[in-house]
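The chain contents come next:
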Amino acid sequence: GWPICYTSVDSVLQIAAHEDTFGRERLLKLCADIAPTLHAMKIGRVIARPFVGDPENGFTRTAYRRDFAIAPPSPTLCDYVHDAGRTVHVVGKIGDIFSIRWIARTTKGRDADLMDDLNQLVDTAEAGSLTFANFVEFDSEYGHRRDVAGYARHLEWFDAALAKILPRLRADDLLIVTADHGNDPTWSGTDHTRERVPVLVHGIDAKSLGQIDFVDVAASVADHLNVPYAGEGKSFL
């Protein structure tokens, strides 16, 4: 009946609780109430982790995770796109990460549901808009659990899903695939791994980008959308 509090190498406090014995809404309120105190301590996020199940059949996280994030300390790419009069769509937990600031539309769910939503946005998102998607199950279901076979299957699923998106992109669309960190399922322990991650780009001429930073990805997206950008980074376009 008690919440489970834990953390990781990220600047977060995670609180897990059973949806039936503790209550989902009670968990969300607990996280919302404690978040301002932790934000004042420069802890970046409080993450609500509701789950269901029992000891006999096992426990499973539900799709109702929510991140209560500290407000961005300076303008983000979402701000620059919004300030230019464009629309920002997000898929997955990205809305929570950016405190729902200037985000017109956000959806949550399992990765398969999120991919369906991304597919719809490929066809319906406004010209000049930004769509920002995050697929968390690589991390939560397979990376942390060191499930090599599951990770491989999810990569194959993602590869097949991406193959259906690429032919439908417009001539002036830019698609970037990257990650916020590694989570090697063959490594020891259960935490994130910190190897460099790929940055794959569709919509520019074939070339090697070399080693780049996340700020370079942001600068490149702003450059592609032709919106004023005062953040760090250098466009690779």
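In the block above lies the structure referred to throughout.
Residues numbered from 1 in each chain as written. Predicted model: local features only at pLDDT ≥ 70, side-chain atom pairs only at ≥ 80, totals over all residues. Heavy atoms only, no water.

Most of strand β3 (residues 45-54) sits inside the fold, with 7 of its 10 residues counted as buried. Pairing between strand β2 (residues 12-18) and β3: 7 bridges, direction parallel. Residue pairing across strands places Gln14 opposite Ile47, the latter belonging to β3. The parallel pair β2 and β3 is bridged by helix α1 (residues 19-40), and the resulting crossover is right-handed. Sheet topology places β3 next to strand β5 (residues 66-69); 4 bridges connect them, and they run antiparallel. Of the residues in β5, the one forming a bridge with Arg45 is Ala69. Strand direction decides the pairing type here: β3 and strand β4 (residues 58-61), joined by 4 bridges, are antiparallel. For Val52, the partnering residue across the bridge sits in β4 and is Thr60. Between β3 and β4, which pair antiparallel one after the other, the connecting turn spans 3 residues. (Buried < 20%, exposed > 50% of the residue type's maximum accessible area, 1.4 Å probe, protein only. Helix = DSSP H or I, 4+ residues; strand = E, 2+ residues; numbered from the N terminus. Pairing = 2+ DSSP bridges. Right-handed = clockwise from strand over helix to strand, strands pointing away.)

The 3 strands lie next to each other as β7-β6-β8, forming an open sheet whose pairing is parallel. Lying at the two open borders of the sheet, with one neighbouring strand each, are β7 (105-107) and β8 (130-133). Neighbour to neighbour, the strand axes of the sheet diverge by 10° on average, direction disregarded. Where strand β6 (residues 88-91) lies against β8, 4 bridges are found, and the strand directions are parallel. Looking at the pairing, Val88 lines up with Leu130 of β8. (Axes fitted to C-alpha atoms, helices over the stretch in contact; angles between N-to-C directions.)

Further remarks concern the nonpolar core. Membership of the largest hydrophobic core comes to 18 residues, with the highest contact counts inside it found for Met115, Phe135, Phe158, Ile165 and Leu175. The set of elements that each furnish at least two residues to this core consists of α4 (111-124), α5 (137-143), α6 (148-165) and β9 (175-177). Contact partners of Phe158, with chain neighbours within four places excluded, come to Met115, Phe135, Phe138 and Val177. Val81, Ile94, Ile103 and Val221 belong to the second-largest nonpolar core, a separate cluster that totals 13 residues. (Core = buried A, V, L, I, M, F, W, Y, C linked by side-chain atoms within 4.5 Å. Contact = heavy atoms within 4.5 Å.)

Turning our eyes to something else, we now look at the packing of aromatic side chains. Taken as a whole, this structure holds 8 aromatic pairs when the rule is applied. Ring pairing ties together the aromatic residues Phe135, Phe138, Tyr151, Trp157 and Phe158, which thus form one cluster. Taking NZ or CZ as reference, Arg24 lies 3.5 Å from the ring centre of Tyr64, over its face. Lying across the ring of Phe22, Arg26 places its NZ or CZ 4.1 Å from the centre. (Phe/Tyr/Trp six-rings, centres within 6.5 Å; stacked < 30°, edge-to-face > 60°. Lys NZ or Arg CZ within 6 Å of the ring centre and 35° of its normal.)

In this structure, the second largest pocket spans a volume of roughly 320 Å³. Together, 16 residues line the second largest pocket, and Arg196, Val197, Val199, Ile212 and Phe214 are the ones closest to its centre. Counted by class, the lining of the second largest pocket contains 7 nonpolar, 4 polar and 5 charged residues. (1 Å grid on protein atoms, 1.4 Å probe; cavity = no way out; pocket = protein on both sides within 12 Å on 5 of 7 lines; lining within 4 Å. Points joined across faces, edges and corners; volume = space filled by probe spheres on them. Nonpolar A, V, L, I, M, F, W, Y, C, P; charged D, E, K, R; others polar.)

Located in the positive-phi region is Arg146, a residue other than glycine, with phi close to 55°. Within the element layout of this structure, Arg146 appears in the loop between α5 and α6. Using a relative accessible area of 16% as the deciding quantity, one classes Arg146 as buried. The backbone phi angle of Asn226 is positive, close to 60°, even though this residue is not glycine. Structurally, Asn226 can be placed in the segment after α7 (214-225).

Geometry only, nothing functional implied.
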